[in-house]
Amino acid sequence: MATIHTKGAGTSLAFDGFGGIDRRWKGRGGKGDAVYDLQNLRVDGGGALRRRCGYGRLAVLPARIRGLWSGIFAGAPCAFAAAGDRLYRLSAADGSCTEVGTISPGEGRVNLFLWRDTLICLDGEEIRTYDGERCTAADPYIPLVTEVDDVSGTETSLESINLIGRRVRVKFRLQGRNYLIFKFPVAEVEQLRNAETGEEVDNWSFQIEGGEIPFILFDGYPESTAWLVATLVLRDDYYRCADIAACGGAVIWGGTEDSRILCFGGGRQGEIFSSAEVDALRLAEAKRHSASDGKLYFPLSGCFCLGDGRYPVRAACPHYDRLLIFTDGECWASDFDTDSGQAVSVLPINSGVGCSADGGAVLAGNDPVTVADGAVWRWTASRLQRDECSAEQISARVSDLLGEDFTARALVFGSRSRSEIWLADPASEAGEVLVYRTDLDLWYRFTGIRAEGFFAWNGDVGFWCGDTVFCFAEHLDTDDGENIPIRLTLDGLSAGAPGRLQHLTRFALSLRGEFSPITLTAQTDRGRRTVRTLAAGGGAEKNSFLDLPLHSGRFRTLRLTLAGEGKQAPEIRGLYLCAEPGGRN
C-alpha cells in the first residue's frame, strides 16, 4: 500500500507493493498503491511487479489461419487450426502439424468448437465434422415429422424439420384410400419401407398436382393397417445450413446427456440457432429407415430471435444454471426445456448494457465480463435473482485507454490459469493488450502481442497472427527472440504536498533478481528532466536496495518513469520517495 509520512518539513511516499493502473488521479498525487502505467509487468499476489513471460513460435502453417480451437480431443491435449482450405491438427507435445481434412476455401473466419467427441467446423459455407478419422460434411439427423393414422383418424406432428438437412421421415398407415398428401414442400420421395419389417415397398409413385400439392399415390394398394415410413427430400424452403455455417459465435450449453449447440453471429442480426438432443432410441429408429446415422439436429423450432431482432447477437456466457446472451445494448437470460429438447425461452434482464464486440463475454469466477460502449462491465447476480442481473463498470481506472471503437473490435480472452482477462486491440501497431486480474481486481497492460485470436495452451496463453501460431511459456524471456521492454510510470506525484514547490531528497528502489540496465526519468511540471541509468546488477536470488540522490529541481508535480529494454528484468518490490519544501508557493 502506498503511504505518505510527514516528518518535520519533509514528506516521504512509500510503495511497499503495487495495485495496478489507475489513471484517474493524474496530477492529484496518486491514490492508494496504484500507479499511472504498467507495461509488460504483472502484479503478483504480494503486490510485487514481475515482467511477464515471453512467447515462442509453436507452428507455421501453409496458409493464413482462419480459426483455431484447443482442448482435450480423444483424451489428449491438442489444437485444430483452419488455414486456407485445410484443417490441421497441432500436437501439444511439439507443435507438429498434421493435415486432417479440407474445408471450404475463402478468407472469412472459421468457427471451430467441440461438441461431445466431435470437432464441429463452421467454415462459412458448410458445416463439417471431424471424429478423429474423417473430416466430412455434417451428416444431419433425419427427423420423424408427422404420424398419420387413418385407422384412428388422427394426424400428429412430432419432430421439427432439421434446418441443416433436406430429408425428413413420415410414418403413416392408410385405410380406405390409396394416397397421402404432404402439407410441406416435398421435392421427392427417396424411399418407402415397412415400419415393422424394414422391407422396401415399391408399388407407389410420387406426384405434384398443379405444381403445388405433393402426394404419394399407391398402385392397387390394398386396405391394410400396416405402418409405412417414407423418407422425403424437401425443397430448399427451410434449408438453412449455409446460414448456420456462417455463424461466427457458438456456445455449448447443457449437461453430458442433453448438451446443445447455440450458434449466432451470422448474417441475420439477432437470430440464434439452437440444436436439440437426439436420444439413442430415436437415432436407432432413424437409422433403421435411412442410410444416415447423423446426430446433428437444428430443428426449425429452435431458431429464434432476441426481441425484435434489431440488434446483432454478440456473445453468450453461462451464469450459474442459465445462459446469458448479449446483444449490442441488451442482456437476455435463456432457459431450455430439456424434456422436449427443443423449446427455448428468453427473458430480457438488462436493457441498458450489453456487449459490443463479437465473442466479447468471458467469465471472471462466476461473473460474466463484457465490453460495451467504451467500458468493461462485470455482471453479478445470485442464484435467487433469476429475473435480474446488475452490470458494474470495472474499467474506470483505465478509461482513457479504452474507447468505443476499441471495445467494438476488441478480442476478449479469459485465462483461468492466470486469473486474467485479456482485451487486445487488433488495430494496435504496438500490439497492446489490456489485462484485468480478476482475483486482485486490478489492471496492467502488455505490448508486443499482435494477435488475431487467442486460445488456452499448456496452462498458459497462445495466439495466432497470419500463418503463425505462438504460445507463452514461463521459461521464455523474449518474444520470439525480441527483448520485452518494461515500463513503470507514476504521474502527478506531489509526495503529499500538492501545490507546494518541493524537491526530491531521496529516491530508492527495492529489487530482487538479476537485471539489465534500467533508465529512470524524472519529468517535472516546470519542464526539468533528469535521467539516471541504474547499472546492471543483482543476482538470481539476491535482493537489491538502490538508494539514490535525484536532482530533480523544484517542482509541484512530478512524473517518474522506470524503463528497461534488456533481456533481464528484476522483480520490483517497492519504491520510496522523500521530498523537502523548495521555495515559496
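Here the residue index of a chain counts from 1 through its sequence in written order. Where totals are concerned, whole chains, interfaces and linings use all residues; where local detail is concerned, this predicted model gives features only for residues with pLDDT of at least 70, and gives and counts side-chain atom pairs only at 80 or more. Side-chain measures here rest on the full set of heavy atoms in the structure, leaving out hydrogens and waters.

What follows is about the overall build of the chain. By definition, any uninterrupted DSSP run of H or I lasting at least four residues is a helix, any uninterrupted run of E lasting at least two residues is a strand, and each is numbered from the N terminus. Looking only at helices and strands, the chain has 3 helices and 50 strands in total. Using C-alpha atoms as the atom set, the radius of gyration is obtained and then compared with a globule rule of 2.2 Å times the number of residues to the power 0.38. The C-alpha atoms of the chain give a radius of gyration of 31 Å, which is well past the 25 Å a tight globule of 585 residues would have. Seen along its three principal axes, the alpha-carbon backbone of the chain occupies a region of about 115 × 50 × 35 Å. It only takes one pair of heavy atoms within 4.5 Å for two residues to be counted as in contact. When contacts within the chain are restricted to residue pairs at least 6 apart in sequence, long-range pairs at least 24 apart make up 62% of them. Per-residue accessibility takes into account occlusion by the displayed protein chains alone, with areas from the Shrake-Rupley method and a 1.4 Å probe. Accessible surface, the chain as shown: approximately 25,500 Å² in total, 46% of it carbon and sulfur.

This next bit is on the packing of aromatic side chains. By convention, a stacked pair of Phe, Tyr or Trp rings (six-membered ring in the case of Trp) has centres within 6.5 Å and planes under 30 degrees apart, an edge-to-face pair has planes over 60 apart, and any other such pair is tilted. Summed over all chains, the structure comprises 24 aromatic pairs. Ring geometry for tyrosine 436 against tryptophan 443: centres 4.9 Å apart, planes inclined by 40 degrees, an arrangement best described as tilted. The pair tyrosine 436 / tryptophan 443 is uniform in exposure class, with both members buried. Here a set of aromatic residues connected by ring pairs shows up, and it is made of Tyr55, Phe413, Trp422, Tyr444, Phe446, Phe454, Phe463, Phe470 and Phe472. Any Lys NZ or Arg CZ that is within 6 Å of a ring centre and within 35 degrees of that ring's normal is treated as a charge sitting over the ring. For arginine 23, the ring lying beneath its charged end belongs to tyrosine 36, and the centroid distance is 4.1 Å. When the ring centre of tyrosine 179 is taken as origin, the NZ or CZ atom of arginine 177, which lies over that ring, is 5.4 Å away. Three labels apply to residues, based on accessible area from a 1.4 Å probe with only protein chains included: buried if under 20% of the type maximum, exposed if over 50%, partly exposed otherwise in between.

Here leucine 114 shows up in strand β11 (residues 111-115). Residue classification places leucine 114 among the partly exposed positions, given a relative accessible area of 21%. For the pair leucine 114 and proline 348, spaced 234 residues apart in sequence, the C-alpha to C-alpha distance is 29 Å. If we ignore the near neighbours within four places in the chain, the residues touching leucine 114 are Trp69, Ile72, Phe73, Leu119 and Ile252.

Strand pairing is assigned whenever DSSP identifies at least 2 bridges connecting the two strands. What the 4 strands build is an open sheet, ordered β31-β32-β33-β34; its pairing is antiparallel. Single-partner strands in this sheet number two, and they are β31 (361-364) and β34 (390-393). Neighbour to neighbour, the strand axes of the sheet diverge by 35 degrees on average, direction disregarded. Bridge count for strand β33 (residues 375-380) against β34 is 4 bridges, and the pairing is antiparallel. Along β34, the bridge assignment pairs arginine 378 with glutamate 392. In this analysis an axis means a line fitted to C-alpha atoms, helices contributing only their contacting stretch, and an angle means the value between N-to-C directions, from 0 to 180 degrees.

Let us now look at the pattern of salt bridges. One side-chain nitrogen of Lys or Arg within 4 Å of one carboxyl oxygen of Asp or Glu is enough to make a salt bridge. With the rule as written, the count across this model stands at 38 salt bridges. The partner of arginine 445 in a salt bridge is aspartate 37, and the shortest N-O contact between them spans 2.7 Å. On the criterion of sequence distance, the pair formed by arginine 445 in strand β38 (residues 442-446) and aspartate 37 in strand β3 (residues 37-39) is long-range, its members being 408 residues apart. Arginine 445 gets classed as buried once you look at its relative accessible area, which sits at 10%. Its salt-bridge partner being aspartate 460, residue arginine 418 comes within 2.9 Å of it at the nearest N-O pair. Within this pair, whereas arginine 418 is found in the loop between β35 (411-415) and β36 (420-424), its partner aspartate 460 is found in strand β40 (residues 460-465), the two being separated by 42 residues in sequence. Residues participating in the shared-partner salt-bridge network are Arg23, Asp37, Asp400, Glu432 and Arg445.

Taken together, the side chains of Tyr179, Ile181 and Ile213 present a nonpolar region at the surface, about 250 Å² in accessible area. With respect to the helices and strands, the residue tyrosine 179 is situated in strand β18 (residues 179-181). Judged by its relative accessible area of 34%, tyrosine 179 falls in the partly exposed class. Patch membership requires more than 30% relative accessible area and the absence of a salt bridge. Residues of like charge join within 9 Å; the nonpolar side chains Val, Leu, Ile, Met, Phe, Trp and Tyr join within 5 Å.

When pLDDT is averaged along the chain, the result is 88, and 91% of the positions lie at 70 or above. Per residue, pLDDT captures the predictor's confidence, and it can take any value from 0 to 100. Confidence drops under a pLDDT of 50 for residues 27-31, and excluding neighbours within four residues, the segment shows 8 contacts in the predicted structure. Below a pLDDT of 50 lies the segment residues 338-342, which in the model reaches 15 contacts outside its immediate sequence neighbourhood of four places, other chains included.

Across the sheet, which stays open at both edges, the 4 strands sit in the order β23-β24-β25-β26 with antiparallel pairing between neighbours. One side of each edge strand has no neighbouring strand; the edge strands of this open sheet are β23 (249-253) and β26 (303-305). Here the strands of the sheet are splayed against their neighbours by 25 degrees on average, with no regard to which way each runs. With 3 bridges connecting them, strand β25 (residues 271-274) and β26 associate as antiparallel partners. Looking across to β26, one finds that isoleucine 272 is bridged to phenylalanine 304.

Among the buried residues, those of types Ala, Val, Leu, Ile, Met, Phe, Trp, Tyr and Cys that are joined through side-chain atoms within 4.5 Å form a nonpolar core. In this structure, Trp422, Ile449, Phe454, Leu488 and Leu575 are the most contacted members of the largest nonpolar core, which totals 67 residues. Once residues lying within four places of it in the same chain are set aside, the contact partners of leucine 575 are Leu13, Ala14, Phe15, Phe18, Leu488, Leu490, Phe507, Ala508, Leu509 and Leu562. By size, the runner-up hydrophobic cluster in this structure holds 20 residues, among which are Phe182, Val186, Ile216 and Leu232.

Residue aspartate 460 is classed as buried on the basis of its relative accessible area, which comes to 7%. Apart from residues lying up to four places away in sequence, aspartate 460 is in contact with Cys53, Ser417, Arg418, Phe455 and Phe472.

Structurally, the position occupied by threonine 407 is in helix α3 (residues 404-409). Taking C-alpha positions, threonine 407 is 8.5 Å from leucine 423, a pair spaced 16 residues apart along the chain. Any pair of nitrogen or oxygen atoms within 3.5 Å is treated as a polar contact; in protein, a donor-acceptor pairing is required on top of that, and neighbouring residues in sequence qualify only through side-chain atoms on both sides. Among the polar contacts listed, one links the side chain of threonine 407 to the backbone nitrogen of glycine 374, at a separation of 3.0 Å.

Our focus in this paragraph is the pairing of strand β24 (residues 260-264). Burial of β24 is extensive: 5 of the 5 residues sit out of reach of the surface. Every second residue of β24 is oriented toward a common face, with Arg260, Leu262 and Phe264 on one face and Ile261 and Cys263 on the other, all of them buried. Strand direction decides the pairing type here: β23 and β24, joined by 5 bridges, are antiparallel. For isoleucine 252, the partnering residue across the bridge sits in β24 and is isoleucine 261. Judged from the 2 bridges that link them, β24 and β25 form a sheet pairing that is antiparallel. Among the inter-strand pairings, leucine 262 is bridged to a residue of β25, identified as serine 274.

This part takes up the pairing of strand β47 (residues 529-534). Looking down a regular strand, the side chains alternate between one sheet face and the other. Sheet topology note: the strand β46 (residues 518-524)/β47 ladder contains 6 bridges and is antiparallel. Note that in β47 the partner of threonine 521 across the bridge is valine 531. The antiparallel pairing of β46 with β47 creates a hairpin that spans 4 residues between the two strands, and glycine 527 there sits at a positive phi of about 90 degrees.

With phi around 55 degrees, tyrosine 320 is a residue other than glycine that occupies positive phi space. Tyrosine 320 gets classed as partly exposed once you look at its relative accessible area, which sits at 31%. Positive phi is not limited to glycine here, since serine 419 has a value of about 55 degrees. One can find serine 419 in the loop between β35 and β36.

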